[in-house]
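# Analysis of the macromolecular model
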Amino acid sequence: MSRELAQLPTILCASRVYLDQTGRPASEADLAGHAFIEITAPSHIEAPRWSKARRFIVNDVDMAYQAVVEGMGIGLLPLYVARRDLERGRLEQLLPATALGGQSVWVSYPELRHQSQKTRAFVEFLTTTLAPPRDARSVR
């Protein structure tokens, strides 16, 4: 049995330190002058399309996240990776109205007549954890 649990939004973000040094883009056209952190992992949504300037290219989301937090450039990150630092003010979401892809999260488990309590609890935990924040003003 498989079911989709959530669509995880991807956001464009950068650290406040980076933005204070380079300026905050007000439009997609403004992104052309910025450095980007690119994730080349096959599961990642897309390469940054606004600029050819790559400050750092990695195949790991956690490494890209660390580079964004350290002020190396702008990154396309899954919301669940950046959420805490957005809430703490270390990262800023850029151009929230810009359409970006997302990632589907699926769970697969044996189809049984009576599902174990552990399996039900785990699926419920994932569903709750991966749900978008209630205050999703800037995240679509």
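Residues numbered from 1 in each chain as written. Predicted model: local features only at pLDDT ≥ 70, side-chain atom pairs only at ≥ 80, totals over all residues. Heavy atoms only, no water.

### With respect to the nonpolar core
Core analysis: the biggest nonpolar cluster contains 15 residues, and Cys13, Ala64, Tyr65, Val68, Leu77, Ala82 and Leu91 have the highest contact counts within it. For this core, the elements supplying multiple residues, two or more each, are strand S1 (2-15), strand S2 (36-39), helix H2 (61-69) and helix H3 (79-88). Broken down by element, this core gets its largest block of residues, five residues, from H2. Ala14, Leu31, Leu76 and Leu95 belong to the second-largest nonpolar core, a separate cluster that totals eleven residues. (Core = buried A, V, L, I, M, F, W, Y, C linked by side-chain atoms within 4.5 Å. Buried < 20%, exposed > 50% of the residue type's maximum accessible area, 1.4 Å probe, protein only. Helix = DSSP H or I, 4+ residues; strand = E, 2+ residues; numbered from the N terminus.)

### Re the pattern of salt bridges
Evaluation of the coordinates by the stated rule reveals four salt bridges. The shortest N-O distance in the salt bridge between Arg24 and Glu92 comes to 2.9 Å. Of this pair, Arg24 sits in the loop between helix H1 (16-22) and S2 while Glu92 sits in strand S5 (residues 91-93); the two residues are 68 residues apart in sequence, bridging distant segments of the chain. Residue class for Arg24 comes out partly exposed when judged on its relative accessible area of 40%. Residue Glu92 is classed as buried on the basis of its relative accessible area of 14%. The partner of Arg90 in a salt bridge is Asp85, with the nearest N and O atoms 3.2 Å apart. Three or more residues are tied together by salt bridges with common partners; here these are Arg16, Asp20, Arg24 and Glu92. (Salt bridge = Lys/Arg side-chain N within 4 Å of Asp/Glu carboxyl O.)

### Side note on H2
Within the span of H2, buried status applies to Ala64, Tyr65, Ala67, Val68 and Val69. Buried residues in H2 make contact with S1, S2, strand S3 (54-58), strand S4 (74-78), H3 and S5. Two or three places before Asp62, at the start of H2, stands the capping residue Asp60, its side-chain oxygen 3.1 Å from that residue's backbone nitrogen. Gly71, located one to two residues past H2, shows a positive phi value of around 85°. (Contact = heavy atoms within 4.5 Å. Polar contact = N/O pair within 3.5 Å; in protein donor to acceptor, adjacent residues only side chain to side chain.)

### Focus on the pairing of strand S6 (residues 102-108)
On a regular strand, each side chain points to the face opposite its neighbour's, so the side chains alternate between the two faces of the sheet. Where burial is concerned, the two faces of S6 differ: the one with Gln103, Val105 and Val107 is buried and the one with Gly102, Ser104, Trp106 and Ser108 is not. In the sheet, S1 pairs with S6 via seven bridges, with the strands oriented antiparallel. Directly across from Arg3, in S6, lies its bridge partner Val107. (Pairing = 2+ DSSP bridges.)

### Observations concerning H3
Listed as buried for H3 are Leu79, Val81, Ala82 and Asp85. Here the buried residues of H3 occupy an arc of 135° about the axis, which is enough to place them on one side. Counted as exposed and oriented over 90 degrees from the buried face of H3: Arg84, Glu87 and Arg88. Looking at the buried residues of H3, the elements they touch are S1, H2, S4 and S5. Directly after H3, the chain includes Gly89, whose backbone phi takes a positive value near 85°. (Arc of directions from axis to C-beta.)

### Regarding the pairing of S4
Most of S4 is tucked away: five of the five residues are buried. Alternating positions in S4 separate into two faces, Ile74, Leu76 and Pro78 on one and Gly75 and Leu77 on the other, with burial throughout. Where S1 meets S4, four bridges bridge the pair, whose relative direction is antiparallel. Bridge pairing links Thr10 to Pro78 in S4. The sheet contact formed by S2 and S4 spans two bridges and is parallel. Residue pairing for S4: Ile37 is matched across the bridge by Gly75.

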